[in-house]
Amino acid sequence: MAYYDIMGCVAITSSGTKKGELFLADVNTQLKNKNITTDVKVDSNSNIGRISHPFFHGWGWGWREVFTTISIDEPAPGVKAIFSFVAPDQKSGKVELQYLHEYAGISTSLGLTAKPLVNFSGVVGNHQAAFGTDISFDTATGNFTKCNAGASFMTPDLIASLILNDKGEALTASYFHTVSPLTNTAVGAELIHSFSSNENTLAIGTQHLLDPLTLVKARVNNYGKAKCSHTTRMTS
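Residues numbered from 1 in each chain as written. Predicted model: local features only at pLDDT ≥ 70, side-chain atom pairs only at ≥ 80, totals over all residues. Heavy atoms only, no water.

> Give me the packing of aromatic side chains: which residues, what numbers.
Overall, the coordinates contain 2 aromatic pairs when judged by the stated rule. With centroids separated by 5.4 Å and ring planes inclined at 45°, the aromatic side chains of Phe 83 and Phe 85 adopt a geometry described as tilted. Classification of Phe 83 by relative accessible area gives partly exposed; the value is 30%. Judged by its relative accessible area of 30%, Phe 85 falls in the partly exposed class. (Phe/Tyr/Trp six-rings, centres within 6.5 Å; stacked < 30°, edge-to-face > 60°. Buried < 20%, exposed > 50% of the residue type's maximum accessible area, 1.4 Å probe, protein only.)

In structure tokens:
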């Protein structure tokens, strides 16, 4: 069931599912006022608890979770602010700021607790080169739970990238070169270095289009493991 007001500022939708003898219902409400959008979802299918009473037999009544998201578009040029929380979870509150530019995108979030989890991700670049990072810091423990970074370089027939993963424990370099666009022939290589074990894994692969419907791929690494596959596209 759905309801929309004549001004387009309020939208209410509801849905229900039956699981065994229980009927579970969800209600979604969206309110819009200029550049502010509020979404509220009431979920009766939660694990918080349920009312045990013969009167409510066959219905999904019980403790509900209420998901609330408030979005503010363009409080400043290119900026979007998002505030979200789940009731009754007092530790679920989060504030997120997003910034989008022609050559950059940034997103940062902060949990609304005494010792929050802080997240930051961003990318800068254009159609030829880009650099990005993804970081999470737990203020409760004083440790980084995530710390990744990467850079890429692209041309019409070549893609090269360098990625630092697992909080600086692994470095991956990859290369993909299209030799012949007509036959979709390409070669590629990937080198993974583990700083903790000081081990390297090198893989080399290639692909070739045998005919307009059949693509063949092959891959082998420095441990002697090889893999071949072919994909046939069916036509009607």
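Next comes the rest of the write-up.
> Before we move on, could you go through the environment of Tyr 103 and cite the residues and values that matter?
Relative to the assigned elements, Tyr 103 resides in the loop between strand E7 (94-101) and strand E8 (104-111). Separated by 27 residues in the primary sequence, Tyr 103 and Ala 130 have C-alpha atoms spaced 9.0 Å apart. Setting aside its immediate chain neighbours within four residues, Tyr 103 contacts Val 123, Val 124, Gly 125 and Asn 126. Among the polar contacts made by the side chain of Tyr 103, one reaches the side chain of Glu 102 at a distance of 3.5 Å. (Helix = DSSP H or I, 4+ residues; strand = E, 2+ residues; numbered from the N terminus. Contact = heavy atoms within 4.5 Å. Polar contact = N/O pair within 3.5 Å; in protein donor to acceptor, adjacent residues only side chain to side chain.)

> Quick rundown of unusual backbone geometry? Include the residues and the values.
A cis amide bond, omega 10°, links Ala 87 with the succeeding residue Pro 88. By secondary structure assignment, the location of Pro 88 is in the loop between strand E6 (79-87) and E7. With phi around 55°, Asp 166 is a residue other than glycine that occupies positive phi space. By relative accessible area, which is 53% here, Asp 166 ends up exposed.

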